[in-house]
Amino acid sequence: MCEYLDSLNPEQQQAVLHDGKSLLILAGAGSGKTRVITTKIAYLIRERGFPPASILAVTFTNKAAREMAARASRIEARACGAMLKTFHSFGAWFLRRNAALAGLHPGFVIYDDDDAVSLLGTLLEDTPKIELRKIAADISRAKDYFLSPEDPELDLVDHTPGFRGLYARYEEKKRKIGNVDFGDLIKMPVEILRNNAGLAAGLRDRFSVIMVDEYQDSNVAQFRLLYELKGKTTYLCAVGDDDQSIYRFRGAEVKNILEFPDRFPGTDIIRLERNYRSFAPILNLASQVVNHNSGRLGKTLTACRAGGKKPVLAFLPDQDEEARFCAELIGRSVTDAGPERARYSDWAIFYRTNAQSRGFETELVWRRIPYRVVGSLKFYEREEIKDALALFALLANPRDEVAFRRMVNKPARGIGGASVEKIIDVFEKQFLFSEKGLLEAARQAALSPKAAAGVKVFAGVLDRGRALLAGKADRLSARMPLKSGEGLSVCAAALICDSGLAGYHSSHDEVNGYQRTENLQELVDAASLYPASMDGLAEFLEHIELDRSIEEKNRPEDFDAVTLITLHNTKGLEFRRVVLTGLEQGIFPRDDKEADDLEEERRLFYVGVTRAMDELYLCSCAMRRMYGRTQPMLPSLFLREADKSLLRIIGAAPAGFGAGKGGAAGTHGQAGCGTGYGGYGAENGGYGAVTGKSSSDGRWKQGERVFHDDQGYGSIAGIEEGEDGPVIKVRFDNGHETRFLSTYQSSKFTKIGSED
DNA sequence: TAATCGATCTTTTTT
DNA sequence: AGATCGATTA
């Protein structure tokens, strides 16, 4: 009756059918956890009769939430009625509906990290930005741990004497303004639910099923939220993998998953340990390295995909060679005529820090290899965009002091620092609850004629924006630098143009060759999807704050390009062929890491390796330019932790790196690379040896040289027709002979080109 | 008010 | 090396 369950393995089925108690699914990398979650949602609706709206599934990223929604509704259309949200968007959803209870302005805006720093700046004048950032980060961390200014444990986050008081003042100011920061999106709902039994009961009644993805990356506050949401009969199902917890530095608490069964007594645990993604040799490497971690729940992943080649470990002279290595590898694979031919999008280059992407970009541009860099697009962090958003925010919540300070005199309207302080002062004394907030205060304050005139202009701009939202103003037909289309974009364009922001930035464009006007236009275009109303504005701002991924306009998702990406961003992704770069001590892991931090880095290595489906390459450089200096590097600890027999080593292994043992891999590395490496720039030699596969018919020629990890070099003595296809006869230089089917795949076998 | 010049620092960052 | 920030200068 449920054909969609048939394709699941027994554990997956068990997880989908599980019922009653709480469930913790320990899902190893590539074990099909998303499939289980989505199938389970569909199953609960279809077979168990749960109303879609009674199901809540929380994830950490919007991308994951979207994917989950799409996949679940493919199995069961009604699944689109389930609530699939990120933790933070769930919090925002909740607060928006209970803004009054939370003491928030109805049009409250979500502050990002920068805004939090600015807010702190109004509290601590003349404090260097870097200190403000540290304080903001600590406040954010405190909220991750569900700590309030009065909590004794706050000292564990920051024991600086003034911190507690500052945190309190920050909260007080934010409360006055009526906005929230990211941490509040989780922390405040918990507090509200604790203080409003009725509201809590209502929510518990609504959601009879709660599923959480990537549970290993949840923080204490998020645990508390779940705890509040879970009623006596709520079915709670958490999915995660303790080996993939990589956000500890941001407050993620592995204990959440380790102690889940204690926190929710009677929990059943189901392990998904069959890996469908990677070839066995790749998985072996990952397992072996992560085994060096202590305090794991422990899993034994088994590869369903037998065969495949060993991961290649390339020792390279420096980062330029590393970039060349990647480019050649990729270039060769896509021009390969055989069935092993790859597409650019099969490939991804992983690195630890964003700064490392540069070298790869230069090389790929040079070679005309298309690529996309994931996560480095900081559209919403650009000055002009933040400016525009501040204008919108001030319209949504006229008490937003941060936005007001940012924009009241930009571009210059003759409102200097003293005037601004005067305005704020008047506001706090007389207009705290005025509907027009700071603008009303600005109008009433006793200012110099110049400043007063400036205020009039600024307030007029916002008034017009407000009128547009209320449908009480004509749309502007005048020639504006920005084109507006539908809905909210009219108001957005009006604000940006009337305020002089567009002109201000377009003059910069001409001088500096920026493209800020274009960016502003893009923002206006995005606004056209929302209705021209106060609610539409709040919705628009909320969407931007909570989901900063922007669809690449000119590059559809399926654009055939290599992916450049930091290791952290790879979680949840997979690629056929992966190059994991910069495997050097000091880069990955960073050398200031020890104990728990080192274990987290090791998990990051694990995450990276397990992204690869078919082929994995690891690069380690002997020299690297860092901070403007070229310095010698040592291979990463993680490479030393791997058994050399699991790797195929090419390039010059540094002294002391497994070379002494004289194992097959080591010997091969030296020998195989004599040609491989030397012939680097050559068209056919070089890494053809590495990328060549031994699997296809017709690619074997008599006399061709091959290499076998155990037998060493040899050549193809002949090809015979057997029952199951062509049989290859190999005579090794050591005298041995062997036969194998041409379709046979062995990680120990490599074709190395027809001549020696 | 903007442009420019040195001093300083350098992770990862779903939301 | 390169970005970023704050102070200095025009």
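That block above? That's the structure.
The structure reproduced in this document is the subject of the present report. It should be emphasised that the depicted structure is a prediction, and the values quoted were computed from it without experimental measurement. (Residues numbered from 1 in each chain as written. Chains lettered and ligands numbered in written order. Predicted model: local features only at pLDDT ≥ 70, side-chain atom pairs only at ≥ 80, totals over all residues. Heavy atoms only, no water.)

## Details of the sheet that holds strand β1 (residues 23–27)
(1) Moving on: Taken in spatial order, the 6 strands line up as β3-β2-β6-β7-β1-β8 in an open sheet, and their pairing is parallel. Each edge of the sheet is formed by a strand with only one pairing partner; in this case those strands are β3 (83–86) and β8 (268–272). Averaged over all pairs of adjacent strands, the angle between strand axes in this sheet comes to 15 degrees, irrespective of strand direction.
(2) Moving on: Note: strand β2 (residues 55–59) against strand β6 (residues 209–212), 4 bridges, orientation parallel. Residue pairing for β6: I55 is matched across the bridge by V209.
(3) Moving on: Packed onto the sheet, helix α2 (residues 10–17) meets β1 and β8 and runs at close to 145 degrees relative to β8. (Pairing = 2+ DSSP bridges. Helix = DSSP H or I, 4+ residues; strand = E, 2+ residues; numbered from the N terminus. Axes fitted to C-alpha atoms, helices over the stretch in contact; angles between N-to-C directions. Contact = heavy atoms within 4.5 Å.)

## As for the protein's contact with DNA strand C
(1) Moving on: The environment of DNA strand C is made up of K129, R133, R358, Y627 and G628.
(2) Moving on: Looking at DNA strand C alone, sugar and phosphate atoms form 31% of those within 4 Å of the protein.
(3) Moving on: Contacts to DNA strand C include K129, whose backbone N or O atom sits 3.2 Å from a phosphate oxygen.
(4) Moving on: Contacts to DNA strand C include Y627, whose backbone N or O atom sits 3.5 Å from a base nitrogen.
(5) Moving on: Among the residues forming the surface near DNA strand C, the class breakdown is 1 nonpolar, 1 polar and 3 charged. (Near = heavy atom within 4 Å. Polar contact = N/O pair within 3.5 Å; in protein donor to acceptor, adjacent residues only side chain to side chain. Nonpolar A, V, L, I, M, F, W, Y, C, P; charged D, E, K, R; others polar.)

## A word on the protein's contact with DNA strand B
(1) Moving on: Near DNA strand B you find 23 residues, and of these N62, R250, R352, A412 and T566 are the closest.
(2) Moving on: Backbone atoms, meaning sugar and phosphate, form 54% of the atoms of DNA strand B found within 4 Å of the protein.
(3) Moving on: At 2.4 Å from a base oxygen of DNA strand B is found a side-chain nitrogen or oxygen belonging to R352.
(4) Moving on: Take T566: an N or O atom from its side chain is 2.7 Å from a phosphate oxygen of DNA strand B.
(5) Moving on: Broken down by class, the residue content of the surface near DNA strand B amounts to 7 nonpolar, 10 polar and 6 charged.

## Brief notes about the packing of aromatic side chains
The description of two aromatic rings rests on the distance between their centres and on the angle between their planes.
(1) Moving on: A full pass over the atoms with the stated rule returns 22 aromatic pairs.
(2) Moving on: Residues F60 and F87 carry aromatic rings whose centres are separated by 5.3 Å and whose planes lie at 55 degrees to one another, so their mutual orientation is tilted. Of the two residues, F60 sits in the loop between β2 and α4 (62–75) while F87 sits in helix α5 (residues 87–97), which places them 27 residues apart along the sequence.
(3) Moving on: Assessed through its relative accessible area of 26%, F60 is described here as partly exposed.
(4) Moving on: Judged by relative accessible area, which is 3%, F87 ranks as buried.
(5) Moving on: Put simply, the rings of Y215, F223, Y227, F260 and F264 pair up and form one aromatic cluster.
(6) Moving on: Against the face of F108 rests R96, its NZ or CZ located 3.9 Å from the ring centre. (Phe/Tyr/Trp six-rings, centres within 6.5 Å; stacked < 30°, edge-to-face > 60°. Buried < 20%, exposed > 50% of the residue type's maximum accessible area, 1.4 Å probe, protein only. Lys NZ or Arg CZ within 6 Å of the ring centre and 35° of its normal.)

## Digging into unusual backbone geometry
(1) Moving on: Between K410 and P411 the backbone carries a cis peptide bond, its omega angle lying at -5 degrees.
(2) Moving on: By the element assignment, P411 lies in the loop between α19 (401–407) and α20 (417–430).
(3) Moving on: With an omega of 5 degrees, the peptide bond running from F588 to P589 counts as cis.
(4) Moving on: Looking at where P589 falls in the secondary structure, it is placed in the loop between β15 (575–580) and α27 (595–609).
(5) Moving on: You will see that R368, though not glycine, has its phi angle at about 60 degrees, which is positive.
(6) Moving on: Position of R368 among the secondary structure elements: in the loop between α17 (357–366) and β13 (371–373).
(7) Moving on: Judged by its relative accessible area of 74%, R368 is exposed.

## With respect to helix α16 (residues 319–335)
Residues spaced three or four apart along an α-helix face the same direction, because each turn holds 3.6 residues.
(1) Moving on: Over its 17 residues, α16 runs 24 Å from end to end, which matches the ideal 24 Å to within 8%, given 1.5 Å per residue.
(2) Moving on: Burial within α16 is extensive, with 13 of its 17 residues counted as buried.
(3) Moving on: For α16, the side-chain oxygen to backbone nitrogen distance between the N-cap and D320 is 2.9 Å, and the N-cap itself is D318. (Expected span 1.5 Å × (residues − 1).)

## So, the pattern of salt bridges
(1) Moving on: As enumerated under the stated definition, the model contains 63 salt bridges in all.
(2) Moving on: Residue K571 pairs with D217 through a salt bridge whose shortest N-O separation is 2.2 Å. Residue K571 is found in the loop between β14 (562–566) and β15, and its partner D217 is found in the loop between β6 and α12 (220–229); the two are separated by 354 residues along the sequence. Like K571, the residue D217 is buried in the burial classification.
(3) Moving on: Here D425 makes a salt bridge to K429, at a shortest N to O gap of 2.9 Å. Here the residue D425 and the residue K429 both occupy positions in helix α20, the gap between them amounting to 4 residues, near one helical turn.
(4) Moving on: Since its relative accessible area comes to 39%, D425 is described here as partly exposed. (Salt bridge = Lys/Arg side-chain N within 4 Å of Asp/Glu carboxyl O.)

From the geometry alone we can't say anything about function, so treat these as descriptive.
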